[in-house]
Amino acid sequence: MASVSAPAQTAPAPTSPLQRGIVKMVLSGCAIIVRGQPRGGPPPERQINLSNIRAGAMARRAAQGQPDTKDTPDEPWAFQAREFLRKKLIGKEVCFTVEIKTALGREYGMVYLGKDTTGENIAESLVNEGLATVRREGIRGNNPEQARLCELEDQAKSSKKGMWSEGGGTHTIRDIKYTIENPRNFVDSLHQKPINAIIEHVRDGSVVRALLLPDYYLVTVMLSGVKCPTFKREADVETPEPFAAEAKFFTESRLLQRDVQIILESCPNQIILGTILHPNGNITELLLKEGFARCVDWSMAVYTQGAEKLRAAERSAKERKVRIWKDYVAPTANLDQKDRQFVAKVMQVVNADAMVVKLNSGEYKTIHLSSIRPPRNEGEEKNKDKDKRFRPLYDIPYMFEAREFLRKKLIGKKVNVTVDYIRAATGPGEGTPAFPERTCATVTIGGINIAEALVSKGLATVIRYRQDDDQRSSHYDELLAAEARAIKNGKGLHSKKEVPIHRVADISGETQKAKQFFPFLQRAGRSEAVVEYVFSGSRLKLYMPKETCLITFLLAGIECPRSSRNLPGGMQVAEPFSDEAMLFTKELVLQREVEVEVESMDKAGNFIGWLHIEGVNLSVALVENALSKVHFTAERSAYYKTLVSAEDACRQRKEKIWANYEEKPVEEVVHVSEEKERVANYRPVYVTEISDTLHFYAQDVETGGQLESLMETMRAEIATQPPVEGSYSARRGDFCIAKFADGEWYRARVEKVESPAKVHVFYIDYGNREVVSSTRLAAMPPAFSTRTLPAQATEYAFAFIQVPQDEDARADVVDCVVRDIQNSQCLLNVEYSGATCPHVTIQFGDTKDDVGLGLVKEGLVMVDVRKEKHLQKMVSEAMGCTAAPSPSLTFRKPVTLSVQVNDTFCPQQGCGLASHG
């Protein structure tokens, strides 16, 4: 900018008052802008030109829209004079006197650094450095200030300082570049490295004009990630938005004509985005913290200094309700702290973005994941087959994968919930359905944001909002970054591969289809399933993953209270405790992985059987909790005794459905079964394994040859066609073959899968268990399945004895039994049935002495007194043994062994009935 100084004074001027201010900007080597102190808004400003001197004019760009004008370059030493004053005065307090004021309002005077005239005289400093010349025309000798300037100029000339040096000063003229041909390439070439710059102009709080050093590029930079209120221009009238002037002053007072570093981060649509770094801080974060700016999603993604810092600064301003946030109301302002953040248990995954959780108070609440959208079928109405029932879970691409991801990760687990906002209910519109009020929250488990994990796998997308919409996730930037990664890696919804298709047959209520499936399900024994829906306490819908079908499943052996339902004759009233039974079943099994045993099928095509979850029989659990009665059909099942025992206990306590039960006197009836005599039919068995609960596994000697033959044939086939290591994917309940520590393969069943490296297997022919890596497992060849030869290890328990409850005492008994009968041939007779396995008496193969009676005689166990008449002789004999120990028995007082029970036996080495110690 050219600067015209006042002519030299020809007569003494009246003394003008001393004024003070802060230097806002240096226009040139002889002109500055001074501002006052801010009071309730931006302060007043005035331009002061230095008297009696002249500095070179600064470069000026040609006026826009006027093709006849040209860019004007710097005069020699003009930029150096400006820089001299800029570094000395910007932001500093000065005092000044106004000596001349022209008719146009231009003011000339003397400027001193500091609070009074004892400070440094700025004009004299410029002249002394050879950066300005003295206007000598009309100078009077009686003016000491003018005489001092002339003296300093003469000294600078003699010292050849500044413009008085040799060479003319052409090297001091800048080559300013006002435009950049390809801004994007220019920004990319800098690789987001900080570059030195001077802020030359502040357009508004978040847009500045910067001079990049040392190449003198003059560029406009918009701060990444934020936007301040702006000045709107209409018909040459500039109207500031609220707090626009204050935001501009905030940035000016900290950055204008300061030395800074700028990181140029991106250049979308010819707009250069960057971050300005000052030794005193980051202006972007300060603007947000003081309420002068708001976060902007579209440019937040390129911000390199941590988007979470910007969100935190904005959140701080919102909480304090400063400046642009003075009327801000938080989305969760009406919620108590306990309702904003809480821990809850996930009970059901409703959709790929919603779940039902149970609070500590017992209340149920539906939570939607903030700011994400589940997979959806864009052309759903047009493309779906009108003759086929639309099932979103299976028909929308990736919906099933998204639901399964949430189900496997969350069901039954405790999660941390942070409510972000409450989405108000919306009424139905044209083409849009009505939505109830929704609680939207960020859900985390083990420090993992579930919404972010969904998005990163391409199983959900991020919702885009209007800039003024603050109802969004508190981790919105992480969601955007996760989506960008999923798009880049082609995950899920963003994949170019063919979408997965789930052909799931729903045979609920379809009798013909159910009849076709029934034999397979019945023969399969225990099958894996997922509980998709709970109709009542004992009626469920199951998804069978192996068979890829949906079935209706009724619990066997119980009579559960019926829920209310519509019937042709009207509404059927719910029976007492029906809702409690349904809630109990829901909490225990809904969307959990379970095992089912299908026993029969009713006329409507519903399957009837037993459902197990983590070792719990659901029918038994309902009876134990007094929410169901035992049905007479349970008599033929192995669970009958357990059910009856549980029912009797509840009936005596008069709990729930038994609350009004009145016990009727019943005449003692002698059952026919009690009149029969005990049958002693001992058969030879080979004891292979003793468990720490004093149960044992044994093989029938008669089938030992078949097992030996099967194992030899199976190993020969495996030797010719060895399985590919790691190709087998273990699933709970599957029959497979496992390689034992001796390097041989044995038949086994998968009981639990913790990880590929930890698979729990049960050796079905020997009764022992082991944890192995999946690399030691392979699919069982069909020719050697349990259909060819059933599992040879049968579980038994000792009859007429009580297992000690004390762990040490029980361990002593187990050690004694292991030492005397494991891996040996004995004689076995089934005495009566138990809840889980038959109870038997077992004799040594050579002496025919009873093993159980020997334990009683040694005082290691107590007698279990049975009431059945035909067993009284055996009970009496056992009771008699407590007083008369027999010296002929081989039992010894046990000593504690250093070998674990489950390590005392390895599967077969050679033949089915050989000793494997």
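Residues numbered from 1 in each chain as written. Predicted model: local features only at pLDDT ≥ 70, side-chain atom pairs only at ≥ 80, totals over all residues. Heavy atoms only, no water.

Participant: What is the right way to read the overall build of the protein chain from this model?
Facilitator: Helix and strand counts for the protein chain come out as 23 helices and 49 strands. Within the protein chain, buried positions represent 46% of all 917 residues. Carbon and sulfur atoms provide 50% of the accessible area of the protein chain, an area that totals close to 47300 Å². (Helix = DSSP H or I, 4+ residues; strand = E, 2+ residues; numbered from the N terminus. Buried < 20%, exposed > 50% of the residue type's maximum accessible area, 1.4 Å probe, protein only. Areas by Shrake-Rupley, 256 points an atom, 1.4 Å probe, with all protein chains shown as cover.)

Participant: What's the story with the packing of aromatic side chains in this structure? I'm lost.
Facilitator: For any pair of aromatic rings, geometry is given as the distance between the ring centres together with the angle between the planes. On inspection of all chains with the given rule, the structure shows 19 aromatic pairs. One aromatic cluster is present, formed by Phe740, Tyr746, Tyr763 and Tyr766 through successive ring pairs. The aromatic ring of tryptophan 658 is capped on one face by lysine 629, whose charged end is 5.1 Å from the ring centroid. (Phe/Tyr/Trp six-rings, centres within 6.5 Å; stacked < 30°, edge-to-face > 60°. Lys NZ or Arg CZ within 6 Å of the ring centre and 35° of its normal.)

Participant: Would you take a moment to explain unusual backbone geometry for this structure?
Facilitator: For residues that are not glycine, phi is negative in most cases, and the peptide bond is trans in most cases. Put simply, leucine 213 and proline 214 share a cis peptide bond, and its omega is 5°. Along the chain, proline 214 falls in the loop between strand 10 (207-212) and strand 11 (217-223). The phi torsion at asparagine 269 lies on the positive side, around 55°, for a residue other than glycine. Given a relative accessible area of 68%, asparagine 269 falls into the exposed group. In the Ramachandran plot, serine 371 falls in the positive-phi region, its phi being about 65° despite a non-glycine side chain. On the basis of relative accessibility, which here comes to 1%, the residue serine 371 falls in the buried class.

Participant: Whenever I open this one, the sheet that holds strand 41 (residues 745-755) confuses me. Can you help?
Facilitator: Strand order in the open sheet formed by five strands is 43-42-41-40-44, and the pairing between neighbours is antiparallel. Of all strands in the sheet, those bounded by a partner on one side alone are strand 43 (769-772) and strand 44 (777-779). Between one strand and the next, the sheet's axes are offset by a mean angle of 45°, whatever the strand orientation. Summarising the sheet, strand 42 (residues 758-763) and strand 43 pair through four bridges and their orientation is antiparallel. By the bridge assignment for strand 43, valine 761 is matched with glutamate 770. (Pairing = 2+ DSSP bridges. Axes fitted to C-alpha atoms, helices over the stretch in contact; angles between N-to-C directions.)

Participant: Would you take a moment to explain the confidence of the model for the protein chain for this structure?
Facilitator: Reading predicted coordinates in detail is not appropriate for stretches of low pLDDT. Per-residue confidence for the protein chain gives a mean pLDDT of 85, with 90% of residues at or over 70. Below a pLDDT of 50 lies the segment residues 1-14, which in the model reaches 47 contacts outside its immediate sequence neighbourhood of four places, other chains included. Across residues 669-674, where pLDDT falls below 50, the model places four contacts with residues more than four positions away in sequence or in other chains. (pLDDT = per-residue confidence, 0-100. Contact = heavy atoms within 4.5 Å.)

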